[in-house]
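Spelled out, the chains give:
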Amino acid sequence: MTANEVKNRVMKILNERLELNITDDSKFDDFLANVGITSMTFIKLLVEIETEFGIEFETGYLDIKKFESIRTIISYIEELLNR
Amino acid sequence: MRFEISTVKSRPDLAEQIQKLYAGAFPKFMDAERVMRTYWKFVEEEFSDHQILFTSEDKVIAIANSGAFSFDGENTELDEGGIYWGLRKIANDLYKNKKPNAFMALQITINPEYKGKGLSYICVKELIRLGKEKGYKRLFIPIRPSAKFKYPLMDSEKYFNWTNEEGLPFDPWIRVHVKLGAAMVKQCKGISVSGTIEEWENWTGLKFPYSGEYIVPGALRPIKVDIDKGTVEYSQENLWLVHDLTRDTVGL
């Protein structure tokens, strides 16, 4: 899967499932809280990402503090997909 | 003892007391546990009627937290991931609209001033009552053995199987559940905490000058210090207990 495909799929989750209205990647480096991802939405995001990509976050990554921004989440997804 | 039962969400006026009780219930290093912390708000909000609050004249005396999921396997098929597996499953099943048929206790916290008054039995019975009301078939508990910290060097499996003169589990919390009909199933993973050596020294008030294992107050087994990496790792071993809610429970 290309980096662009991962990005687009994550964007789709953020907009359609989490209703966050993130239309481009200009907010990808913002802190999660600043784009509306709270501890509540983070859990839903985890579930949606794992389902969409068929991956499983490692236990140590079931932690909102591990991710500063949407970009760091995308990087971790890519890391899991490339293993 | 007279007490009232409500939910954490229904008593925002007691939020400060509740936080104080949680904060004082465990050793300081447990504050750095991350997975339960990440899921906590989600469970509290999505399963607000599962967060049982026990009060006596507006004083918080105990809290029993739980969340629900669907599980059709045999008890022995419960995942060795324990509480972290359960939290993940609670979230997955909820967001995939899978109807729960069971629930998992996350934590029972008793105000130290009210220990020795049978509250442990009352809390477990209330959880069982809640589960029966909801139509759940089983209550799963990935239990953190409450007195294991006094025996940090003892093998967990041996500790879980250790019985008193009455043939009941030595561990007080495991004993409460077994007396109320729970089955002891198998060992599973508990929470884990990672940190720097400096953080662990602050949390414990101890010094860790060399790599190796150290016993620290409140830990169920030794922590592992790695001087080269500058890190400390700690993980607990829990035990899966299961209450069959289709059967009668003593005192209910």
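In this text the structure is predicted, and so the values were computed from the model without any measurement.

**Q** Explain the interface of chain A and chain B to me, using residue names and the numbers behind them.
**A** Across the contact, 17 residues belong to chain A and 14 residues belong to chain B. Buried surface at the junction of chain A and chain B, summed over both partners, amounts to about 1,400 Å²; 64% is from carbon and sulfur atoms. Together, Met40, Ile43 and Leu62 of chain A form the three largest contributors to the area buried by chain A at its contact with chain B, with a combined 42%. Connecting chain A to chain B are 2 salt bridges. In this structure, arginine 34 of chain B and aspartate 63 of chain A form a salt bridge, with 2.9 Å as the shortest nitrogen-oxygen distance. The tally of links from chain A across to chain B stands at 5 residue pairs in polar contact (both at pLDDT 80 or more).

**Q** Now, about empty space enclosed by the protein: what can you tell me, with residues and values included?
**A** All told, the structure shown has 1 cavity of 30 Å³ or more when counted by the stated rule. If you add up the space inside the largest cavity, you get close to 40 Å³. Lining the largest cavity, in full, are Ile43, Leu46, Val47, Glu50 and Leu62 of chain A together with Tyr39, Arg88, Ala91 and Asn92 of chain B. Residues of the lining of the largest cavity, tallied by class, amount to 6 nonpolar, 1 polar and 2 charged.

**Q** Could you give me a rundown of the environment of threonine 2 of chain A, with the residues and numbers involved?
**A** In this structure, threonine 2 of chain A sits in the segment before helix H1 (3–17). The partly exposed category is assigned to threonine 2 of chain A, whose relative accessible area is 43%.

**Q** How would you summarise helix H7 (residues 197–204) of chain B if you had to cite specific residues and measurements?
**A** All names here are of chain B. Taken together, the buried positions of H7 are Ile197, Trp200, Glu201 and Thr204. Projection of H7 onto a plane perpendicular to its axis shows the buried side chains occupying an angular sector of 105 degrees, all on one side. Exposed residues lying more than 90 degrees from the buried face of H7 are Glu198 and Asn202. Each element contacted by the buried residues of H7 is listed here: strand S6 (183–196), strand S8 (223–226) and strand S9 (231–244). At the exit of H7 stands glycine 205, carrying a positive phi of roughly 75 degrees.

**Q** An account of the packing of aromatic side chains is requested, with residue identities and associated values reported.
**A** Per the counting criterion, the structure on display carries 30 aromatic pairs over all chains. A ring pair is formed by tyrosine 159 of chain B and tryptophan 162 of chain B, whose centres lie 5.9 Å apart and whose planes are at 75 degrees; its orientation type is edge-to-face. The exposure class of tryptophan 162 of chain B is partly exposed, given its relative accessible area of 26%. Pairwise contacts between aromatic rings join Phe42, Phe57, Tyr61, Phe67 and Tyr76 of chain A into one cluster. The cationic tip of lysine 66 of chain A hangs over the ring face of tyrosine 61 of chain A; the distance from NZ or CZ to the ring centre is 5.2 Å. One cation-aromatic arrangement involves lysine 148 of chain B over tyrosine 159 of chain B; the distance from NZ or CZ to the ring centre is 6.0 Å.

**Q** Summarise the layout of surface pockets; cite the residues concerned and give the values.
**A** Approximately 1,400 Å³ is the volume found for the largest pocket. What lines the largest pocket is a set of 46 residues, and nearest its centre among them are Ala25, Phe26, Gln107, Ile108 and Thr109 of chain B. Broken down by secondary-structure element, the contributors of at least two residues to the lining of the largest pocket are helix H1 (15–25), helix H2 (35–46), strand S4 (102–110), helix H4 (119–134), strand S5 (138–143), helix H6 (172–179) and S9 of chain B. When the residues that make up the lining of the largest pocket are grouped by side-chain class, the tally is 26 nonpolar, 12 polar and 8 charged. The volume enclosed by the second largest pocket comes to roughly 380 Å³. Along the wall of the second largest pocket there are 16 residues; nearest its centre are Gly60, Asp63 and Lys66 of chain A together with Arg34 and Ser194 of chain B. Secondary-structure elements contributing two or more residues to the lining of the second largest pocket are S6 and H7 of chain B. Among the elements that take part in the lining of the second largest pocket, S6 of chain B stands out by supplying 4 residues, more than any other. In the lining of the second largest pocket, the residues fall into 5 nonpolar, 5 polar and 6 charged.

**Q** An account of H4 of chain B is needed here, citing residue identities and associated values.
**A** Over its 16 residues, H4 of chain B extends 22 Å from the first C-alpha to the last, a length consistent with the 22 Å expected when each residue adds 1.5 Å. One or two residues past the end of H4 of chain B sits glycine 135 of chain B, with phi positive at roughly 85 degrees.

**Q** Now, about unusual backbone geometry: what can you tell me, with residues and values included?
**A** Residues and elements named next belong to chain B. Phi at glutamate 57 takes a positive value of approximately 50 degrees, unusual for a residue other than glycine. Looking at the element boundaries, glutamate 57 is found in the loop between strand S2 (52–56) and strand S3 (59–69). For glutamate 57, a relative accessible area of 74% gives the class exposed. Unusually for a residue other than glycine, asparagine 97 sits at a positive phi of about 55 degrees. Along the chain, asparagine 97 turns up in the loop between helix H3 (82–95) and S4. The exposed category is assigned to asparagine 97, whose relative accessible area is 70%.

Calculation criteria
- Residues numbered from 1 in each chain as written.
- Chains lettered and ligands numbered in written order.
- Predicted model: local features only at pLDDT ≥ 70, side-chain atom pairs only at ≥ 80, totals over all residues.
- Heavy atoms only, no water.
- Contact = heavy atoms within 4.5 Å.
- Buried area = accessible area lost by both parts, 1.4 Å probe.
- Salt bridge = Lys/Arg side-chain N within 4 Å of Asp/Glu carboxyl O.
- Polar contact = N/O pair within 3.5 Å; in protein donor to acceptor, adjacent residues only side chain to side chain.
- 1 Å grid on protein atoms, 1.4 Å probe; cavity = no way out; pocket = protein on both sides within 12 Å on 5 of 7 lines; lining within 4 Å.
- Points joined across faces, edges and corners; volume = space filled by probe spheres on them.
- Nonpolar A, V, L, I, M, F, W, Y, C, P; charged D, E, K, R; others polar.
- Helix = DSSP H or I, 4+ residues; strand = E, 2+ residues; numbered from the N terminus.
- Buried < 20%, exposed > 50% of the residue type's maximum accessible area, 1.4 Å probe, protein only.
- Arc of directions from axis to C-beta.
- Phe/Tyr/Trp six-rings, centres within 6.5 Å; stacked < 30°, edge-to-face > 60°.
- Lys NZ or Arg CZ within 6 Å of the ring centre and 35° of its normal.
- Expected span 1.5 Å × (residues − 1).

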